[in-house]
Amino acid sequence: MEYGQKARKRPLFSCIHCKKNMTTYINERYRMVDHVQKHHFALSEAPFYCSMCLFRCSTREALVKHVTDYRRHALMSAMQGGGDQSRFLIENPHPRVVKEGVDYEVTQQGCSDSGDLVSVKMTP
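- The protein chain has the name C2H2-type domain-containing protein in an unreviewed UniProt entry, where Dreissena polymorpha is given as its organism.

See the structure below:
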């Protein structure tokens, strides 16, 4: 460890699917789960999704927030006649589960690999 660097107290998570292209580390498990669901699962494999916008998420609250806060969704809905938004909101009864060792791996604390730690911005 170089002078001025702090030792990591928590593990980093690395996407196995993206590892072919480059190694990128994410510092929160929930962000890794969201990344895998958004970029590596089919729309129908997500726990919750919007069939109009192709938005995927892990919770019903995030899906409801998408409908109310995402301007593009509101515009697309208005173009299709508006009305009841629930017809676009799908809850998958059998979603695919993100699994450690299959979809992502945990790197050891204080990892000194050449990968970069990134902050993932969650988009609606």
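Having seen the structure, we can now continue with the description.
### Here we look at the overall build of the protein chain
Then step 1. Broken down by element type, the protein chain carries three helices and seven strands.
Then step 2. The buried share of the protein chain, reckoned over its 124 residues, is 27%.
Then step 3. Contacts in the protein chain between residues far apart in sequence, at least 24 positions, make up 54% of those at least 6 positions apart.

### Focus: the environment of Pro11
Then step 1. With respect to the helices, strands and loops of the structure, Pro11 is situated in the segment before β1 (12-15).
Then step 2. Relative accessible area serves as the criterion here: at 28%, Pro11 is assigned to the partly exposed category.
Then step 3. Linking Pro11 and Thr107, residues 96 residues apart in sequence, is a C-alpha distance of 5.9 Å.

### Section: the sheet that holds strand β4 (residues 55-57)
Two orientations exist for strands paired in a sheet by backbone hydrogen bonds: parallel and antiparallel.
Then step 1. Pairing within the open sheet is antiparallel, and its three strands lie in the order β4-β3-β5. Two strands lie at the open edges of the sheet, namely β4 and β5 (89-91), each paired on one side alone. Averaged over all adjacent pairs, the angle separating strand axes in this sheet is 20°, with direction ignored.
Then step 2. Note that strand β3 (residues 48-50) and β4 share three bridges and pair antiparallel. Directly across from Tyr49, in β4, lies its bridge partner Arg56.

### A closer look at the nonpolar core
Then step 1. Core analysis: the largest hydrophobic core is formed by eight residues, namely Phe13, Cys15, Ile26, Met32, Val36, Phe41, Val98 and Tyr104.
Then step 2. Those elements that place two or more of their residues in this core are β1 and α1 (29-40).
Then step 3. When near neighbours in sequence (up to four residues on either side) are disregarded, Val36 contacts Cys15, His17, Phe41, Val98 and Asp103.
Then step 4. Membership of the second largest hydrophobic core comes to seven residues, among which are Cys50, Met52, Cys57 and Leu63.

Calculation criteria
- Residues numbered from 1 in each chain as written.
- Predicted model: local features only at pLDDT ≥ 70, side-chain atom pairs only at ≥ 80, totals over all residues.
- Heavy atoms only, no water.
- Helix = DSSP H or I, 4+ residues; strand = E, 2+ residues; numbered from the N terminus.
- Buried < 20%, exposed > 50% of the residue type's maximum accessible area, 1.4 Å probe, protein only.
- Contact = heavy atoms within 4.5 Å.
- Pairing = 2+ DSSP bridges.
- Axes fitted to C-alpha atoms, helices over the stretch in contact; angles between N-to-C directions.
- Core = buried A, V, L, I, M, F, W, Y, C linked by side-chain atoms within 4.5 Å.

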